[in-house]
Every structure is written in C-alpha cells, then in structure tokens.
Number of protein chains: 2
Amino acid sequence: MTTDTVRLPVPHAGQAPNTGRPVAPRRARLRPLPLTDVHITGGYWAELQRRNQSAILPHVEHWLERAGWLGNFDAARERRLPADRRGREFSDSEVYKALEAMAWELGRRPDPALQERFDAIVARIAAAQEPDGYLNTEFGRPGQGPRWSDLEWGHELYCIGFLIQAAVARARTGHPEDRLFEVARRAADLVCAVFGERGIASVDGHAEIESALVEFYRVTGEPRYLEQARLFVERRGHQVLKEVEFGREYFQDDLPVREAEVFRGHAVRALYFAAGAVDLADETDDDALHRAVARQWRRTVARRTYITGGMGSRHQDEAFAEDFVLPADRAYSETCAGVASVMLAWRLLLAEGDPVYADLIERTLFNVVSTSPSGDGRAFFYTNTLHRRELGSPPEPDRPSVRAAASLRAPWFEVSCCPTNVARTLASLTAYLATADDEGLQLHQYVSGTVSHHQVDGQELRVTVTTDYPYDGRIRVRIDNSADRPWSLSLRVPGWATQGASVTAGGHTRPAGPGVITERNVWQAGDEVVLHLPMTPRLVQPDPRIDAVRGCVAVERGPLVLALESVDVPGMLSVNELRVDVTQPPRVAADGRVMVRCHRVPAPDHDWPYSQDPDGHRPEQPVDLGDVPLVPYHAWANRGPSTMRVWLPTYGAHPQQPLGRQPRRSAVRRGALRVADGRADPDAAPVDRRLRA
Amino acid sequence: MTTDTVRLPVPHAGQAPNTGRPVAPRRARLRPLPLTDVHITGGYWAELQRRNQSAILPHVEHWLERAGWLGNFDAARERRLPADRRGREFSDSEVYKALEAMAWELGRRPDPALQERFDAIVARIAAAQEPDGYLNTEFGRPGQGPRWSDLEWGHELYCIGFLIQAAVARARTGHPEDRLFEVARRAADLVCAVFGERGIASVDGHAEIESALVEFYRVTGEPRYLEQARLFVERRGHQVLKEVEFGREYFQDDLPVREAEVFRGHAVRALYFAAGAVDLADETDDDALHRAVARQWRRTVARRTYITGGMGSRHQDEAFAEDFVLPADRAYSETCAGVASVMLAWRLLLAEGDPVYADLIERTLFNVVSTSPSGDGRAFFYTNTLHRRELGSPPEPDRPSVRAAASLRAPWFEVSCCPTNVARTLASLTAYLATADDEGLQLHQYVSGTVSHHQVDGQELRVTVTTDYPYDGRIRVRIDNSADRPWSLSLRVPGWATQGASVTAGGHTRPAGPGVITERNVWQAGDEVVLHLPMTPRLVQPDPRIDAVRGCVAVERGPLVLALESVDVPGMLSVNELRVDVTQPPRVAADGRVMVRCHRVPAPDHDWPYSQDPDGHRPEQPVDLGDVPLVPYHAWANRGPSTMRVWLPTYGAHPQQPLGRQPRRSAVRRGALRVADGRADPDAAPVDRRLRA
C-alpha cells in the first residue's frame with residue numbers, strides 16, 4: 001500500500017480550479033462552472049433547492065440515523081459488528097451520498113449548523129476506518145464475509161466510490177484538507193493496492209468507483225487513481241464476475257465497453273459505468289472509448305428511454321429491456337437511473353458540446369429527478385411508473401417501504417438509494433446549468449439567476465437571466481458585465497421547440513429552431529437577448545415499435561411531460577376507460593392548466609377479455625367528460641391516492657371506433673361479468689359468455 | 001404424533017373407488033373417471049403422452065440424478081448433509097412430482113422397467129426419512145436451518161404436499177400399501193401433529209399441501225388430514241407469515257380466502273391454494289368457500305389471463321399483475337401456473353359442471369402446458385412469452401438455465417418445477433377428458449379413444465371417439481356399449497365455436513352453439529353422434545383495457561392460438577415492423593397452414609422515439625410480404641432461434657395509417673439514427689434529430 005502524500009494541482013491564474021464542479025474534465029469542449037459562479041434566484045429550481053435544503057436533507061439525516069445506517073459506523077468502532085449491523089450491504093453508501101449533498105450545500109452557502117452536523121458524521125465514519133484504510137461495515141470482521149469476497153453483490157467498492165465522491169465534493173468546495181478527504185484518500189489507496197495491476201483482477205458488481213477514481217485523480221493529480229479507474233473500466237466485460245441469475249449483462253460484464261452497442265442490464269449500474277468510462281476517455285484522450293459510449297447512449301436514447309427520460313423498464317432486475325420494450329404499466333424508470341443519466345449526459349455534453357445531451361438532461365431533471373420527492377420533501381418515489389391503474393395501499397408514513405411497491409411516495413426504503421441521490425443532485429444543480437469556453441458563455445438550462453465566468457484573460461463575463469420557465473417561454477438574458485472584446489452568448493433552443501421559437505437581440509427578432517443560438521458581440525452591460533420558447537401544449541406520438549403504448553398520445557408543454565390523474569375527474573377512480581379526443585388540440589385554461597377533451601368509454605365487462613366478434617369490444621355510450629386538466633407528471637400523487645396515466649389512448653379496441661360515435665348495439669351489452677351461482681346447468685348454452693366466444 | 005392405522009374406504013358396488021383419478025371429490029356435480037376407463041388411441045394428445053413416456057420422463061429422471069437432487073436423499077441417509085446438498089430448497093419436490101408422473105404412467109400400463117426405477121427412487125427417499133416421519137433434505141440437521149424455521153421460503157410443507165400427491169397417485173392406481181404411501185402417511189401425520197389445532201398456527205409460504213391433505217383424506221378416509229387442510233386454508237390470509245419484499249399477497253396471506261375478489265400474488269401459489277380451498281369446500285359442503293373461489297376465478301379469467309390461458313404476468317415475483325396488465329412482451333405465464341390452472345378448473349368443473357371451466361382447461365392444455373416441452377421432449381419453457389423480440393442466446397444444451405432467460409427451451413432449470421409438472425400432467429391427462437353422472441357420460445375434451453363407465457346400476461356405458469381434433473373439427477362418437485334404459489351423452493361445444501358448429505344425431509343435423517349439447521336416448525351399440533366444430537381461422541381482439549396489445553389482433557383456429565415466427569418469413573429477423581392486413585381474412589392453405597396477409601412497415605429510425613409531428617412515425621414504403629404462415633403457438637421455437645409474436649399489429653402509430661397507403665413524405669426520412677462523430681458543432685441546429693422534436 002502506498003502512503004504517498006497527495007499533491008493538489010496548482011490553480012490556474014484567475015480561476016480557482018476544482019472548485020464547485022461535480023465534474024471537472026481536463027479536456028472538454030465546454031468548461032463546467034463552479035457552483036459559486038451560478039446563482040439561482042427564483043423559480044422552479046430555486047423552490048426545489050430550498051425544499052432540498054430545508055426538508056429533504058434533514059429528512060435524509062433523520063432516517064440515516066433512525067434506520068441505524070449511521071449507527072453501523074459506531075458499531076464498527078465499538079466492535080459490535082456484525083451483531084448490531086442494520087440495513088442492506090450497501091447502506092454505507094447512503095451516508096456518503098448524504099455527505100456529498102451536504103458538502104455541495106456548504107459549498108454554495110456557509111451554514112455553521114450544517115457544517116457541525118457534517119463534521120460529526122465524518123468523525124463517526126473516520127472512527128470506523130481500519131488502520132490500513134479499509135472502510136465498510138458489512139465485511140471483514142469475524143462473523144462477516146471476508147473483504148472483497150463477494151464482488152458480485154457486496155458493493156464494497158461501490159461504497160468507497162461514493163465516499164470518494166463526497167470527498168471530491170468537499171475538495172472542490174474549498175476543503176481539500178478535510179478529514180473526510182483524508183479518509184477517502186486512505187480508502188482509495190487501499191483499493192489501488194488491492195485491485196492494482198498485480199492485485200485482484202476483478203471489478204465491483206455495481207459500477208461507481210470508476211468515475212469516483214477519475215474524479216479523485218482530477219482533484220489530487222495522482223495518476224495511480226486514474227490508472228486504477230482504467231483497470232476497472234477495461235476489466236469489466238471480460239466475465240470477471242461470477243454468473244448470476246440475471247446474466248452477466250446485469251453488471252455489464254458480458255461485453256467489453258468498447259464492443260457494446262447499447263446500454264443493457266441494471267440501468268443504474270450501466271449508467272454509472274458509462275459515466276466512469278467517459279471520464280476515463282476524456283482524461284486519457286481515448287477517443288475510441290468516448291465514441292463507444294456515445295454510440296451506446298444514442299441507441300439507448302433512441303430505443304430504450306421513456307418519454308420522461310426515464311431509463312430501465314424491468315422490475316425484476318431493475319434493468320433495460322430490449323429495444324422498444326417500454327411499457328407504461330409498471331414502468332420501472334428508477335429515480336437513481338435518472339440521476340445517473342444526468343451525470344452521464346453532462347459528461348458527454350462537456351466533451352462534445354452537442355445540445356442533444358442538454359435536451360435529455362432537461363427532460364430527465366423535470367420529469368424523473370423532480371418526480372421523486374413529494375411536494376413536502378419528506379417522501380420519495382423509487383420507481384416512476386407512467387401508468388398507475390389502481391389506488392393501491394398508501395405506504396405507511398412512518399416505516400420504510402419495500403422499494404417499488406408504493407402507489408404514493410414513501411418516506412424511506414429498505415433500499416434507499418434514491419432520496420440521497422436526489423439530495424446530492426439538487427444540491428449541486430447549479431453546476432449543470434451553464435458552461436464556458438474561450439468564446440464565451442453557454443446557457444443550457446433556464447432559471448432565474450446569474451451566471452458569471454472569469455475568462456482566461458481575467459475578464460469577468462456576467463449575465464442575469466430572468467424567466468418563469470418552465471411555466472413561461474420567455475427567457476431574458478441581460479449582460480451585467482462584459483469584456484472589452486467580442487464574445488459569444490449561446491442559448492440552447494430545446495429539441496421540442498420545433499415551431500414558434502424566436503430570439504430577440506439588438507432590437508431584431510428572428511425565428512429559431514432547435515439547436516444552439518449563438519450571439520456574438522462586443523456586449524455592453526445592459527444589453528439583452530430574449531429567447532421566446534413556444535409553450536403551446538403538444539401531442540406526442542410514440543414509435544410504432546413501442547407496442548405498449550400503440551394508439552396513445554402523450555401531452556407535453558415546454559419541457560414538461562403531463563399526466564392525467566384521476567383526482568382531477570370527479571367520480572372517476574380508474575383511468576382505464578379514458579379516451580382523449582385528438583381532434584381537439586389541448587388548450588391552456590385561464591388558470592394555466594392544460595386541458596384535454598376526454599371521454600370515458602365504459603368497456604363492457606365480459607367473462608373473457610378476447611373477442612372474435614368485431615363489435616365485441618364496442619364500448620357502451622361514451623360519456624363526455626368535457627375538458628380534463630392535466631398535471632405536470634412530476635407533480636402527480638401529491639393529492640392522495642390516485643390513478644394516473646401519461647399515455648392517453650385515442651381510441652378503443654379498433655381504430656375504426658371514433659369517439660362519440662354511437663355504439664351499434666343497444667346500450668347494455670349482454671355478457672356482463674356474472675357471479676357464479678355455484679351450480680350451473682350444463683345444458684344451457686351460455687352464449688353470452690366470452691370465454692365461450 | 002399419531003400412529004393410527006390408515007383405513008381405506010370400502011369401494012362402492014360396481015366401481016373401484018379412488019382409482020386412477022387425480023381428483024376424487026366426495027360431492028361433485030360430475031364424477032371423474034379413472035385413468036383406466038379412458039384410453040387415448042391416437043392424435044395430438046396420444047403423441048404428447050408418448051413423448052412424455054419415451055422422452056420427458058427419462059429426461060427428468062436423468063436430470064434429477066445428474067443435478068444431485070435425488071442424491072440429496074442418499075446424502076441425508078449417509079449423514080453428508082448439508083455439505084453435499086445440491087439444488088434449491090425445494091428440490092425434493094421435483095423428485096416427488098416425477099414419482100407422481102411415474103405412478104400415473106404405471107397406472108395406465110404396467111411397465112416392469114419403470115416399476116423398478118420407481119421402486120428404487122422410493123427406497124432412496126424412504127431411507128432418508130427421520131424416525132418421526134420428517135422428510136426434507138434442506139432443514140433440520142446440524143448446519144441446516146431448524147425444521148419449520150422458515151415457513152415463508154423454506155417449502156417444507158410444499159415438498160411434503162407433493163410427496164403426498166405422489167402417494168395418492170400410487171394409491172389410486174392400485175397400490176394403497178405401497179412403501180411410498182407409508183412414507184407419505186408418516187410425513188402427513190407429523191404435519192398434523194406439528195401444525196394441528198394446538199401446534200404451530202401458521203402455513204407454508206408456498207401453498208400445495210392443502211389440496212394434498214384433502215386428497216389424502218379422500219384416499220384414506222382419515223378426518224385428521226381434512227381437518228389439517230382446513231386449518232391451513234383458514235389460517236392463510238391472516239398475516240401469519242412474515243412480511244416479504246413482494247408483500248403478503250405474494251403468498252396469499254394478505255386476505256382470508258373468503259374475502260378475496262381475485263387471484264393475486266405469485267400465480268402458482270395462488271392457484272395451488274385455490275385448488276386446495278375448492279377441495280376443502282367440496283369435502284365439507286362449504287358452499288360459501290366454494291363460491292368465494294369461483295368468484296375469484298371468474299374475475300381472474302375475465303381480467304388477468306392471457307389469450308393462451310396463461311396466468312401471471314410479472315417476472316419479478318412470478319405474480320398476477322393488476323387487472324388488464326397483460327403485456328405480450330415478457331409475458332411470464334409460467335408453465336406451472338398453467339398446470340395449476342388446469343388443476344383448479346378441473347375441480348370447479350367437477351363441482352359445478354359449467355363448461356366454461358372445460359373451455360379454459362382446453363385452452364390452457366393446448367396453449368400453455370403443450371408449449372413448454374420441445375418437440376423432442378428434452379427441453380422446456382419455464383415462462384411462455386407471447387412476444388419474442390430478439391433472438392437472444394440459445395441456452396446451453398447441456399447446462400441448467402436460469403429459469404426465465406431462455407429464448408429457446410432449456411434442458412433443465414435451477415428452479416426446475418415445470419418439467420416435472422408437465423410430466424405428471426401429461427401422465428394423468430386421460431383423467432381430464434370425460435366424466436360421468438347418473439344421467440350418463442360427458443365428453444369435455446376431444447381425442448380419439450374410448451371412454452367407458454360402469455353406472456351405479458352396474459351397466460357399462462362405452463363410446464369410441466374418432467377425430468383429428470384439434471386439426472379437424474369433426475368429432476365422431478360411436479356407442480359401443482349401452483344400457484337398457486335412456487341415458488345422456490353430453491358434448492361440450494367450445495366457447496370459441498360461436499358460429500358454424502353443428503351436431504348430427506339420428507340422421508338429423510342441427511346447429512349448435514357454445515355450451516353443452518345433451519343427447520338423451522336409449523342408445524344402441526353402433527349409434528353415432530357427430531359434432532362438427534368450425535375450423536375457420538378467427539381474428540381475435542383484446543379488451544381495450546389491455547393497453548399492451550391495443551391495435552393488435554391474434555389469430556386462433558379451433559382451440560389453438562397461433563403465432564407468427566420470423567423463421568417463416570425469409571430474410572426477416574424482427575417481428576417489430578410487421579403489420580397484418582385485417583381486411584383480408586386469414587385463410588387455410590392447401591397444406592393446412594393458416595396464412596395471413598402481412599406487410600413489413602419499416603419504421604424510420606430516429607434519435608428520439610417520440611414525435612410531435614403527426615407524420616413523424618409515418619412508415620417508409622410498406623413491403624408486401626404476401627401470405628405469411630402462422631404456427632400453433634405451442635409449436636414455436638422448434639426450428640432454431642426466432643422472433644415471434646402472438647398479437648399482430650394492424651396498424652402503426654396512427655389508426656389513420658391504413659396498410660398499403662403511400663407515405664406522404666419522400667421515401668427516405670431524414671433523421672435516421674446517426675453515429676456520433678464525437679465532437680458536434682454546437683452552432684449547427686440539428687433539426688433532423690428527434691430528441692430535438
């Protein structure tokens with residue numbers, strides 16, 4: 001084991017390096033900005049950040065303590081393990097993710113009380129570290145599995161990965177000499193010693209440490225961390241892990257990363273791993289590796305991604321399914337996969353500058369990451385289904401839920417990776433909004449606030465953004481501070497804004513299409529550029545290969561995917577029989593809600609749900625429900641138990657059944673579901689039974 | 001523990017009671033016939049029974065030995081457990097299910113070699129039984145979990161249930177004093193002592209023993225077995241088992257059986273339990289209990305059953321999903337759930353006489369149970385998906401597969417419940433074909449063969465059935481032996497035969513509809529009744545609430561569900577882009593195959609699979625594939641890797657796109673999937689990208 005002193009790289013002139021960025025690649029088309037250079041002053045994300053700080057983070061701390069996951073570290077120190085071990089094998093990682101969230105919060109704004117809580121947790125963790133740097137409460141003691149004995153499921157390196165990420169956050173927010181940093185360094189050094197070129201030639205079943213080690217290298221400048229990340233990235237895919245029930249693709253050990261065509265297996269593992277591979281590629285000028293991941297991203301986005309940006313459709317193994325297998329019913333779309341997808345797309349955006357990555361980040365932030373926390377920040381979705389058919393039982397308000405069973409958000413989970421992932425993402429959100437390059441500033445996401453950047457020549461560029469986005473499409477960018485030479489202000493026009501976007505600069509308005517608008521000028525303080533994005537609600541149709549939503553449309557407005565919730569239709573509990581009338585475009589009501597014209601088409605009940613009669617599923621007389629309001633998908637399930645659907649059927653069994661047309665048969669069909677009378681007459685031919693049709 | 005001698009009930013005059021019937025209720029509307037009273041002489045089921053006897057059973061015996069599951073009993077005897085324990089905790093049950101299959105085979109036809117193998121296995125099992133009757137190779141020894149310590153997952157009572165079932169099969173085929181019977185009796189007595197009124201007030205996580213104990217009561221006449229079954233049935237649903245990840249509905253411990261409205265949770269558990277509850281109800285004249293199960297069956301069939309009869313749509317917990325959540329993609333439809341559904345429907349049919357139960361039995365036998373074994377009887381499907389999108393990797397021919405991952409059938413599984421369940425079902429199949437009552441004979445399923453029955457007055461009724469069903473609709477029933485008084489011959493007209501069925505008797509032909517046709521006559525030997533069932537292929541439409549197959553049709557012919565397999569379309573690997581032209585009805589080709597007119601509608605590839613452009617998913621020029629042959633669903637995947645679908649889309653993204661119409665745009669769409677070039681120009685608005693649309 002090495003005990004070299006960590007040297008931190010010397011800051012560039014005029015720029016505090018490694019400060020406040022969740023990702024800081026050496027080579028990038030676009031440079032990330034430190035958290036401190038971007039301020040959100042109001043609006044959607046300001047509210048979420050406030051909720052994160054005032055509710056989510058305290059809630060997470062409360063549950064980490066209450067569930068005993070923090071106490072595991074005390075038990076380790078006091079040699080009460082494994083007897084007093086609580087939680088799953090990966091519970092240490094939740095503590096580290098919470099620390100990362102706290103570190104970003106502290107980086108944005110000093111908070112002595114929070115600092116005190118942070119330091120207290122770090123002290124408990126540090127006290128549990130073994131003399132050689134090993135740190136894990138589940139392995140390595142008498143009565144526990146030996147260290148590194150269960151790489152497939154043990155999550156030891158995964159946990160250390162998050163420990164390192166927390167330390168990176170700490171270093172990048174001005175605390176490179178933090179005690180946490182030292183704990184992480186000792187653990188990282190142990191990993192390099194144990195898993196190095198001549199060490200255990202394997203990887204962790206759950207990728208995460210790859211990215212963490214590259215980032216640790218970026219912070220410390222120590223090449224051994226980068227080399228260790230390289231070993232982990234290159235080993236995976238060569239069947240170094242044991243076969244498991246879900247196949248080796250579950251942990252991406254089926255194919256080397258350079259050979260794969262698409263993300264597959266466990267979605268969070270696949271996406272964390274891809275992020276690590278991009279980090280490695282960009283740090284080692286490995287274009288082939290970068291291109292391989294980008295290629296997989298494109299195919300995954302084109303064929304394996306929900307309209308919300310959600311990834312992973314299988315419950316069984318929390319995994320990507322085959323291309324176009326994207327059922328709305330029981331969509332898995334794990335919150336953590338949304339977080340991981342943002343991490344990955346951000347890395348690809350920095351490296352390539354292509355706005356498609358920012359498009360997916362926007363979609364995922366608004367429609368997956370935002371969907372997880374409840375309005376009060378004290379309950380979470382682990383999975384994010386796109387179709388809820390039954391009210392189900394609400395989770396008990398004061399008990400951990402199993403991870404994916406809840407119809408409403410749950411306060412905590414037995415596998416509780418999502419709340420801490422939401423917390424660290426929201427805490428560092430300002431880092432994902434804008435970038436800089438030698439030409440100027442690029443705004444990728446729109447929030448009211450300020451963005452500033454010290455150029456290499458020392459000049460500060462600063463703009464103020466004023467907008468009510470995503471509820472309003474007007475985004476006003478005012479130059480507050482400029483340079484004495486021309487520079488470029490780049491604004492992303494989202495991919496969904498195919499019609500009606502425009503930009504006003506220098507008194508001239510011109511139409512704009514999806515992509516990046518770059519205004520280059522010798523800007524003066526007070527100059528303005530205004531982007532107008534179209535906020536007309538849009539009907540969206542799925543690829544016909546997505547069988548599960550054939551004949552349905554979704555409604556989007558701006559970057560928001562909308563949903564229909566049963567609580568908005570008086571007297572309706574089920575959304576199964578709903579039909580949307582696509583001949584009438586969705587409209588925006590006076591109160592700002594998007595309304596769609598709906599009918600309820602009562603499906604006749606039969607004793608067999610398949611009919612050879614072409615009229616067999618002709619609905620009863622449709623009931624005109626009038627205009628029904630939609631809600632942003634991320635806001636659903638905040639008003640009590642409800643059924644919900646994102647994909648709205650436009651017709652029934654046959655496309656030949658337009659809405660509103662009279663059923664051919666008399667109103668009440670024969671064959672309604674009949675309760676057995678116990679003893680039927682075998683001589684009576686029950687022609688009204690569908691099992692019999 | 002009781003050591004009472006088992007008294008076998010006295011046979012009725014003129015009838016060997018308890019012989020050859022898988023189920024023998026005391027009270028029933030219809031009486032089951034012993035295996036020996038029904039002979040299959042040729043056709044579809046004769047071939048499957050031959051395959052079972054010549055291939056499936058030897059294959060099962062081979063793998064039970066090879067996998068070490070038989071050897072576990074030797075290891076128990078030789079005190080080598082747990083060191084030498086092989087297989088999952090429930091592996092004992094597979095040995096018992098194989099014995100049950102062998103017992104039925106031996107009951108149908110003496111076979112000294114098979115008898116020798118049977119006896120040898122029984123001897124190995126008997127030698128492993130503990131002095132107090134306990135028998136399980138996974139629990140109870142030093143180094144193993146204590147007996148009954150893991151009722152949720154341990155499967156101890158489940159295993160004993162199958163042991164009892166094998167003993168029942170043995171007793172009912174003329175061997176009530178068999179060594180196996182004695183082994184089972186001792187185990188059953190231990191169960192009664194341990195789980196009786198003053199014993200452990202719980203149940204097994206996997207129901208099965210309930211039905212076994214009622215059957216054991218029927219065979220032995222011992223009321224304690226019935227009472228123990230009653231305790232198990234009544235206890236379940238009162239949260240007697242610990243909460244598990246999938247919720248208590250997983251093992252039906254969420255609601256008392258009398259209160260539930262529908263089957264839910266793990267499908268095989270739910271169906272085994274329901275079968276046991278019906279057995280109990282019918283033996284104790286508990287009409288309320290019977291009605292409760294029948295009500296659940298009806299709702300489950302109406303809302304939670306695949307067109308094949310398959311039950312259970314979730315992979316994660318092998319469970320029923322909510323009403324109408326029946327995705328074709330990754331349909332679970334476990335083979336064992338099909339077997340269990342036949343067991344349950346048979347019990348309901350006997351009790352009520354309603355032909356809807358026989359309809360579901362027919363559908364399930366032809367389209368689920370038959371689908372599992374390969375044409376050579378040496379490989380099996382565990383799950384029976386209705387839509388296979390990718391070829392996948394074929395299972396290794398000489399290795400157990402994980403249970404549900406295979407695109408082709410696998411020789412064996414780590415959880416290998418299905419092959420033995422198929423074997424015992426096929427071995428006892430003749431018992432499910434016909435019944436008798438005081439009025440005469442009832443034919444429920446149609447096979448070439450003979451059915452005879454000695455009436456209570458001692459007179460023998462005997463008929464010969466000649467048919468090529470399910471390939472031909474003509475079923476000729478000839479009276480071979482009659483009584484000197486009028487009696488009724490009842491024939492089921494299947495529920496699917498809504499149009500064109502007819503019956504010819506006494507020289508007169510008249511139309512017939514679904515239900516039961518009863519011909520009452522003073523029959524003479526040589527009299528004939530001929531049933532004509534319509535064999536025109538039928539287009540079948542799903543209930544519009546089954547979102548997953550909206551806009552699709554399936555094709556059925558007779559009792560067979562048909563499927564389209566890619567191997568039948570030269571050059572086509574994917575069935576994703578297939579469209580069936582429903583304006584041209586399916587036709588029967590000269591070679592007997594059913595043909596449908598299909599097009600391939602190449603879906604343009606986009607980098608985002610959702611479009612706000614109404615023409616966004618308009619297909620390229622459809623390719624007329626001409627008439628494409630379908631195969632019986634049960635026969636698919638016998639010609640190498642293939643993709644397959646049962647539900648055939650009739651149109652694309654919009655119902656407004658009829659097949660064959662020219663696409664509005666020029667042939668090649670912009671926006672085909674583009675491989676990233678690594679460094680995109682952020683100023684170029686890529687308007688041809690769909691993530692940007």
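How each quantity is defined
- Residues numbered from 1 in each chain as written.
- Chains lettered and ligands numbered in written order.
- Predicted model: local features only at pLDDT ≥ 70, side-chain atom pairs only at ≥ 80, totals over all residues.
- Heavy atoms only, no water.
- Buried < 20%, exposed > 50% of the residue type's maximum accessible area, 1.4 Å probe, protein only.
- Helix = DSSP H or I, 4+ residues; strand = E, 2+ residues; numbered from the N terminus.
- Pairing = 2+ DSSP bridges.
- 1 Å grid on protein atoms, 1.4 Å probe; cavity = no way out; pocket = protein on both sides within 12 Å on 5 of 7 lines; lining within 4 Å.
- Points joined across faces, edges and corners; volume = space filled by probe spheres on them.
- Nonpolar A, V, L, I, M, F, W, Y, C, P; charged D, E, K, R; others polar.
- Contact = heavy atoms within 4.5 Å.
- Axes fitted to C-alpha atoms, helices over the stretch in contact; angles between N-to-C directions.
- Polar contact = N/O pair within 3.5 Å; in protein donor to acceptor, adjacent residues only side chain to side chain.
- Buried area = accessible area lost by both parts, 1.4 Å probe.
- Salt bridge = Lys/Arg side-chain N within 4 Å of Asp/Glu carboxyl O.

**A word on the pairing of strand 18 (residues 560-565) of chain A**
All names here are of chain A.
Okay, step 1: When you tally the buried positions in strand 18, you get six out of six residues, the bulk of the element.
Okay, step 2: By the alternation rule, side chains of strand 18 split into Leu560, Leu562 and Leu564 and Val561, Ala563 and Glu565, which are all buried.
Okay, step 3: The pairing of strand 17 (residues 552-557) with strand 18 spans two bridges and is antiparallel. Looking at strand 18, one finds that Arg557 is bridged to Leu560.

**Thoughts on unusual backbone geometry**
Okay, step 1: Here the residue pair Tyr469 of chain A and Pro470 of chain A is connected by a cis peptide bond, since its omega of 10° sits within 30 degrees of zero.
Okay, step 2: Position of Pro470 of chain A relative to the elements: it lies in the loop between strand 9 (460-467) and strand 10 (474-481).
Okay, step 3: Across the junction of Leu81 of chain B and Pro82 of chain B, the peptide omega takes the value 5°, indicating a cis bond.
Okay, step 4: By the element assignment, Pro82 of chain B lies in the loop between helix 2 (71-77) and helix 3 (91-108).
Okay, step 5: For His155 of chain B, which is not a glycine, the phi torsion comes out positive at approximately 65°.
Okay, step 6: If you trace the backbone, His155 of chain B turns up in the loop between helix 4 (112-128) and helix 5 (156-172).

**Examining empty space enclosed by the protein**
Okay, step 1: When its volume is computed, the largest cavity comes out at roughly 420 Å³.
Okay, step 2: Along the walls of the largest cavity sit 30 residues, with Pro327 and Asp329 of chain A together with Pro327, Asp329 and Arg330 of chain B positioned nearest its centre.
Okay, step 3: Class assignment of the residues belonging to the lining of the largest cavity gives a composition of 14 nonpolar, seven polar and nine charged.

**Observations regarding the sheet that holds strand 6 (residues 434-437) of chain B**
All names here are of chain B.
Okay, step 1: Spatial ordering of the open sheet is given by 1-6-7-11-14, a layout of five strands whose pairing is mixed. Of all strands in the sheet, those with a lone pairing partner are strand 1 (31-32) and strand 14 (515-521), marking the two edges.
Okay, step 2: Against the sheet, helix 12 (residues 355-369) makes contact with strand 11 (487-493) and strand 14, and its axis sits at roughly 50° relative to strand 11, the strand it touches most.

**A short note on the environment of Arg363 of chain A**
Okay, step 1: As for its position among the elements, Arg363 of chain A is in helix 12 (residues 355-369).
Okay, step 2: Note on Arg363 of chain A: relative accessible area 6%, which makes it buried.
Okay, step 3: On a C-alpha basis, the gap between Arg363 of chain A and Pro256 of chain A in space is 29 Å, while along the polypeptide they are 107 residues apart.
Okay, step 4: Those residues within four positions of Arg363 of chain A in sequence are excluded, and the remaining contacts are Ile307, Thr308, Gly309, Val368, Glu556 and Val561 of chain A together with Trp608 of chain B.
Okay, step 5: Within polar-contact distance, the side chain of Arg363 of chain A engages the backbone oxygen of Ile307 of chain A at 2.9 Å.

**Digging into the pairing of strand 18 (residues 560-565) of chain B**
Residues and elements named next belong to chain B.
Okay, step 1: The turn joining strand 17 (residues 552-557) and strand 18, which pair antiparallel and follow one another in sequence, is formed by two residues; a positive phi near 55° is taken by Gly558.
Okay, step 2: Pairing between strand 18 and strand 23 (residues 623-632): two bridges, direction antiparallel. Residue pairing for strand 23: Leu562 is matched across the bridge by Pro632.
Okay, step 3: Two strands pair when backbone bridges link them, and strand 18 and strand 24 (residues 644-645) are joined in this way by two bridges, in the antiparallel orientation.

**Considerations on the interface of chain A and chain B**
Okay, step 1: Listed by partner, the interface residues are 109 residues for chain A and 108 residues for chain B.
Okay, step 2: Both faces considered, chain A and chain B share a buried interface measuring about 9,500 Å² in area, 51% of it formed by carbon and sulfur atoms.
Okay, step 3: The tally of links from chain A across to chain B stands at 12 salt bridges.
Okay, step 4: Measuring nitrogen to oxygen at the nearest pair gives 3.1 Å for the salt bridge that ties Asp605 of chain A to Arg545 of chain B.
Okay, step 5: Summed over the shared surface of chain A and chain B, the number is 26 residue pairs in polar contact (both at pLDDT 80 or more).
Okay, step 6: Among the secondary structure elements, those contributing two or more residues to the side of chain A that touches chain B are helix 10 (287-303), helix 11 (335-352), helix 12, strand 11 (487-493), strand 14 (515-521), strand 16 (538-542) and strand 22 (610-611) of chain A.
Okay, step 7: Among the elements that make up the side of chain A that touches chain B, the one with the highest residue count is helix 10 of chain A (nine residues).
Okay, step 8: Of the residues contributing to the side of chain A that touches chain B, the split by class is 48 nonpolar, 22 polar and 39 charged.
Okay, step 9: Relative to strand 16 (residues 538-542) of chain B, strand 22 of chain A runs antiparallel, the two being bridged by two bridges.

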